[in-house]
Amino acid sequence: MTLATPTLDTDRLRLRPFAEADADFLYALHSNAHVMRYWDSPPWTERARAGRFLAMSRTMADEGTGVRVAVERASDGALVGWCCLVEWNPDYRSASLGYCLDEAMWGRGYATEAAHALLTWAFGTLDLNRVQAEADTRNAASARVLEKIGFVREGTLREDCVVGGEVSDSWVYGLLRREWRPSAAPAPDQAR
């Protein structure tokens, strides 16, 4: 079963399906060591990775396992980053949330706004009961984003990632349908 990748508009952002023209932005984003320092994989070193990312985004939608959307500013169309809902399991009514933003866009509430919009769509469209997310324990900013949109920290995955010889832990967060507040989107000033 395919899963149509949505186009969603917020006050400041547009979430939309990826286009081939987004490859250069994706490569720049994922090859930035500072942006990728808390990820479970090292920065990209080859441009072909962007093409594989785009192909995987289409495959997820075609197979009905998730959606990845480009996030751009509504005011000028500049790409901010991306957001995703993956590992959708209709039997368990669960999925996992993720996001990655360009370093120049941090601290503006864009991650909170984009994740909230995607979750509003997902809870309304996919009959979800639970959404999970993970954040490196050193990434306090990402933890704040998750908590602002209602996620609850449920535990710690100890030494779950080894990237470039560096071992790290991750926090596991969960958000249940009964806890979801779609109308409680933080205003841009509060989203920071």
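Below is a summary of the structure that appears in this document. (Residues numbered from 1 in each chain as written. Predicted model: local features only at pLDDT ≥ 70, side-chain atom pairs only at ≥ 80, totals over all residues. Heavy atoms only, no water.)

By the element assignment, Leu101 lies in strand β5 (residues 94–101). As a C-alpha pair, Leu101 and Cys83 span 18 residues in sequence and 8.4 Å in three-dimensional space. In contact with Leu101, other than residues within four places in its own chain, are Leu29, Val35, Val80, Gly81, Trp82, Trp106, Tyr110 and Ala111. (Helix = DSSP H or I, 4+ residues; strand = E, 2+ residues; numbered from the N terminus. Contact = heavy atoms within 4.5 Å.)

Before going further, it helps to examine the packing of aromatic side chains. Summed over all chains, the structure comprises five aromatic pairs. Where Trp39 meets Trp82, the ring centres are 5.9 Å apart and the plane angle is 45 degrees; that geometry is what we call tilted. Of the two residues, Trp39 is situated in the loop between α1 (23–30) and α2 (48–63) and Trp82 in strand β4 (residues 79–89); the sequence distance between them amounts to 43 residues. Following the ring pairs from residue to residue traces out a cluster consisting of Phe18, Trp39, Trp44, Phe53 and Trp82. The cationic tip of Arg68 hangs over the ring face of Phe53; the distance from NZ or CZ to the ring centre is 4.1 Å. Geometry around Trp82 places Arg68 over its ring, the cationic atom sitting 5.7 Å from the centre. (Phe/Tyr/Trp six-rings, centres within 6.5 Å; stacked < 30°, edge-to-face > 60°. Lys NZ or Arg CZ within 6 Å of the ring centre and 35° of its normal.)

Inspection of the entire model under this criterion finds 14 salt bridges. With a closest N to O distance of 2.9 Å, Arg16 and Glu72 form a salt bridge. On the criterion of sequence distance, the pair formed by Arg16 in strand β2 (residues 13–16) and Glu72 in strand β3 (residues 67–73) is long-range, its members being 56 residues apart. Here Arg16 and Glu72 have matching classes, each one buried. Here Arg130 makes a salt bridge to Glu154, at a shortest N to O gap of 2.7 Å. Of the two residues, Arg130 sits in strand β6 (residues 130–136) while Glu154 sits in strand β7 (residues 152–163), which places them 24 residues apart along the sequence. (Salt bridge = Lys/Arg side-chain N within 4 Å of Asp/Glu carboxyl O. Buried < 20%, exposed > 50% of the residue type's maximum accessible area, 1.4 Å probe, protein only.)

Read from one edge of the open sheet, eight strands run β1-β2-β3-β4-β5-β6-β8-β7, paired in mixed fashion. Of all the strands in the sheet, just β1 (8–9) and β7 have a single pairing partner and so form its edges. Its contacts with the sheet put α1 on β4 and β5, and the angle it makes with β4 is roughly 85 degrees. (Pairing = 2+ DSSP bridges. Axes fitted to C-alpha atoms, helices over the stretch in contact; angles between N-to-C directions.)

Despite not being glycine, Arg93 has its phi angle at roughly 55 degrees, a positive value. Its place among the elements puts Arg93 in the loop between β4 and β5. Look at Arg93 and you get partly exposed, because its relative accessible area is 29%. Positive phi outside glycine occurs at Asp127, with the angle close to 55 degrees. Along the chain, Asp127 falls in the loop between α3 (110–125) and β6.

Our focus in this paragraph is the packing of α1 against α2. At a minimum axis distance of 8 Å, the contact between α1 and α2 shows a crossing angle of 110 degrees. The angle between the axes of α1 and α2 places the two elements in the roughly perpendicular class. Handedness of the α1/α2 crossing: right-handed. Contacts between α1 and α2 pair Ala23, Leu26, Tyr27 and His30 from the former with Ala50, Phe53 and Leu54 from the latter. (Parallel < 35°, antiparallel > 145°, perpendicular 65-115°, else oblique. Left-handed = near helix turned anticlockwise from the far one by under 90°.)

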